[in-house]
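Next come the chains, spelled out residue by residue.
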Amino acid sequence: MLFVSLSALVAGITLTCFALLLPLCVGLDRIRPIVDDRSRLRRRLRAIAPYVGGLAVVLVFNKGLIERLEAFSRRYGIEATAWLYAVEGDFVATVQGVVPDWGVYYFAPMYVIGYVVLLGFPFVAYLFAENARALKTLVAAYAVNYAVAIGCYAAVLAYGPRNYHRLPGADPDAARVEEPLLDSFREVTQLTARVNVETNVFPSMHAALSVTVLLVAVSTHGEFPRWTPVSAVLAGSILLATMALGIHWGLDVLAGIVLAAGSVAVADRLVSRTDSQAGW
């Protein structure tokens, strides 16, 4: 029951944000003609349908096999937690040290709700673009991100910095990383636990998908100039939130950024080739 209530709350806040962002970042003058021309909207939806289908298939494997992937990584994966700490040390603890106590009330909503808004709003906004390329690229890039994550999470077993001190062999001199999301918003973990496990930290998908949205937003700045700074603020806040909340290592975030850049490049090339073959 609590899960349903929290999901409804997140959905309600997300839809409210969409309602505010549409006139601000898209503009009513761009929305009205497409809403009035239903055939144009249907063509746009048909154009992206294969990409959405591909993303759905990847998500089924990524999320549907989450427990099996975890079991596989525990048995065959590379245990990377000690290596992550050896490389970056107490970086996350340092980040937490400069974040004021009230920061959790900004970063926790950003990590959960801001993330949903950032990933979901472009699906709506790009329906009103001049053509379907941006939406195709975004969806394809999401699929590439999740597909690569399947391999990474199967091959790499790693715990986040908040769990490092509990692991056998942890450096006794390591600075303690707090877990403010769990301490202040324990109920929220009922949502996050449904789509992730504690060993799936490398790379950070919050970082990868947030930067993916930002990169596509930059490419569409000419059409949606107001969305670019909004997406930059959201993406930057989410990247910081992953560390301020003790969930990800700095290297997880860096790997996510690299994954995002590669995914967008692959998606852009895929869309170009597909459109060329289709004669668009």
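Before reading further, recall that the structure is shown in the block above.
Attention here is on the structure that accompanies the text. The shown structure was predicted, so the numbers you read here are calculated from the model rather than taken from an experiment.

The subject of this paragraph is the pattern of salt bridges. Counted according to the given criterion, the structure contains four salt bridges. Close ionic contact of Arg-30 with Glu-223 constitutes a salt bridge, the shortest N to O distance being 3.0 Å. Here Glu-223 lies in the loop between helix H11 (205–219) and helix H12 (227–244) and Arg-30 lies in helix H2 (residues 28–36), a separation of 193 residues in the sequence. Among the ionic contacts, a cluster of salt bridges with common partners joins Arg-30, Glu-130 and Glu-223.

Our next topic: unusual backbone geometry. Between Phe-202 and the following residue, Pro-203, the backbone shows a cis peptide bond with an omega angle of 0°. Structurally, Pro-203 can be placed in the loop between helix H10 (189–192) and H11.

What follows covers the environment of Gly-12. Within the secondary structure layout, Gly-12 lies in helix H1 (residues 2–26). Expressed as a C-alpha distance, the spacing of Gly-12 and Val-156, which sit 144 residues apart in the sequence, is 36 Å.

Before going further, it helps to spend a moment on helix H7 (residues 104–125). Look at H7: 29 Å from first C-alpha to last across 22 residues, which is about the 32 Å you get at 1.5 Å a residue. Along H7, the sharpest kink reaches roughly 45°, centred on Met-110.

Between H11 and H12, whose axes approach to 9 Å, the crossing angle comes to 165°. One finds that H11 runs roughly antiparallel with respect to H12. H12 is crossed by H11, and the crossing has left-handed handedness. In this structure, H11 uses His-206, Ala-207, Ser-210, Val-211, Val-213, Leu-214, Ala-217 and Val-218 to contact H12, whose residues at the interface are Trp-227, Thr-228, Ser-231, Ala-232, Ala-235, Ile-238, Leu-239 and Thr-242. Considering only residue class, the contact of H11 with H12 consists of eleven nonpolar, five polar and no charged.

What follows is about a nonpolar patch on the surface. Taken together, the side chains of Val-57, Val-60, Phe-61 and Leu-65 define a hydrophobic patch exposed on the protein surface, amounting to about 350 Å² of accessible area. With respect to the helices and strands, the residue Val-57 is situated in helix H3 (residues 38–64).

Attention now goes to the packing of H2 against H3. Where H2 contacts H3, the two axes come as close as 5 Å, and the packing angle between them is 95°. By the angle between their axes, H2 is roughly perpendicular relative to H3. Each of Ile-34, Val-35 and Asp-36 in H2 lies in contact with H3, whose residues at this interface are Arg-38, Arg-40 and Leu-41. In terms of residue class, the contact of H2 with H3 is made up of three nonpolar, no polar and three charged.

Relative to the assigned elements, Asn-163 resides in the loop between strand E2 (156–157) and helix H9 (180–184). Given the relative accessible area of 8%, Asn-163 is considered buried.

Right, let's talk about a positive patch on the surface for a bit. A contiguous patch of positive charge on the surface is contributed by Arg-38, Arg-42, Arg-43 and Arg-46. We classify Arg-38 as exposed; its relative accessible area is 54%.

Moving on: the packing of aromatic side chains. Under the defined criterion, the tally for this structure stands at nine aromatic pairs. Pairing Phe-72 with Tyr-76 gives two aromatic rings, centres 4.9 Å apart and planes at 45°, and the pair type is tilted. One end of the pair is Phe-72 and the other is Tyr-76, both in helix H4 (residues 66–76) and four residues apart, which spans about a single turn. Of the residues examined, Phe-72 reaches a relative accessible area of 42% and is grouped as partly exposed. Here Tyr-76 falls in the exposed class, since its relative accessible area comes to 52%. Centre to centre, the rings of Phe-123 and Tyr-142 are 5.7 Å apart; their planes meet at 45°, and the pair counts as tilted. You can see Phe-123 sitting in helix H7 and its partner Tyr-142 sitting in helix H8 (residues 133–155), a full 19 residues away along the chain.

Criteria and cut-off values
Residues numbered from 1 in each chain as written. Predicted model: local features only at pLDDT ≥ 70, side-chain atom pairs only at ≥ 80, totals over all residues. Heavy atoms only, no water. Salt bridge = Lys/Arg side-chain N within 4 Å of Asp/Glu carboxyl O. Helix = DSSP H or I, 4+ residues; strand = E, 2+ residues; numbered from the N terminus. Expected span 1.5 Å × (residues − 1). Bend = angle between axes of the 7 residues up to and from the residue. Axes fitted to C-alpha atoms, helices over the stretch in contact; angles between N-to-C directions. Parallel < 35°, antiparallel > 145°, perpendicular 65-115°, else oblique. Left-handed = near helix turned anticlockwise from the far one by under 90°. Contact = heavy atoms within 4.5 Å. Nonpolar A, V, L, I, M, F, W, Y, C, P; charged D, E, K, R; others polar. Patch = residues over 30% accessible without salt bridge, like charges linked within 9 Å, V, L, I, M, F, W, Y side chains within 5 Å. Areas by Shrake-Rupley, 256 points an atom, 1.4 Å probe, with all protein chains shown as cover. Buried < 20%, exposed > 50% of the residue type's maximum accessible area, 1.4 Å probe, protein only. Lys, Arg positive; Asp, Glu negative; His and termini not counted. Charge placed at Lys NZ, Arg CZ, Asp CG, Glu CD. Phe/Tyr/Trp six-rings, centres within 6.5 Å; stacked < 30°, edge-to-face > 60°.

Any functional reading would require information that these geometric values do not contain.
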